[in-house]
Amino acid sequence: MKFLSGRRGDLNRTETSELLRDTCQAIEDLATGLEERWLQANPGQPMPSWPLTRIPEDELARIGWDFHANRVQMLNTGGSVWETIAMLLSGDQQASFAKPPSCVAVASALNRAAARLRDEIREGSEVDGAL
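Residues numbered from 1 in each chain as written. Predicted model: local features only at pLDDT ≥ 70, side-chain atom pairs only at ≥ 80, totals over all residues. Heavy atoms only, no water.

K.L.:
I keep staring at the pattern of salt bridges and nothing clicks. Help me out?
P.N.:
Side chains that differ in sign of charge can pair as their charged atoms come close. Taken as a whole, this structure holds seven salt bridges when the rule is applied. Put simply, E120 and R54 hold a salt bridge, and the shortest N to O gap is 3.6 Å. Here R54 lies in helix 3 (residues 51-61) and E120 lies in helix 5 (residues 103-130), a separation of 66 residues in the sequence. Overall, the relative accessible area of 31% leaves E120 in the partly exposed class. A residue is classified by how much of its surface remains accessible, and R54, at 27% relative accessible area, is partly exposed. Here R62 and E59 are joined by a salt bridge, their closest N and O atoms 3.1 Å apart. When its relative accessible area of 4% is taken as the criterion, E59 is described as buried. (Salt bridge = Lys/Arg side-chain N within 4 Å of Asp/Glu carboxyl O. Helix = DSSP H or I, 4+ residues; strand = E, 2+ residues; numbered from the N terminus. Buried < 20%, exposed > 50% of the residue type's maximum accessible area, 1.4 Å probe, protein only.)

Quick look at the structure:
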């Protein structure tokens, strides 16, 4: 986040999207390691919803980014097979995707995600301390 706010000029949308893809991939890699360790330590138990992925997913969705697909969200893809075929034949598949988020929108979303993760960690620490 300091990279985004400490630069002299804003990143263009392509650079911002690339940085966001790299960030989402790094978070997914961390979550995969966490899930593997969970499965080793807790075989047969259901896996919890990890704030590590849930919170960034929520915040990035607010700016039109699909965290798991690691790209801009798809807009209306058509309610029927015929609408989908018509969209494909029209030649404008870009119209089915949201506009990439701006550097400022990404920085704000990542700051909100960081604040929520901090709050989640604090709440977890308070619960652990009470036990």
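K.L.:
What exactly am I supposed to notice about the environment of I63 here?
P.N.:
Along the polypeptide, I63 turns up in the loop between helix 3 and strand 1 (65-66). Once you skip the residues sitting within four places of it in the chain, I63 turns out to touch P101, A105, V106, A109 and R112. (Contact = heavy atoms within 4.5 Å.)

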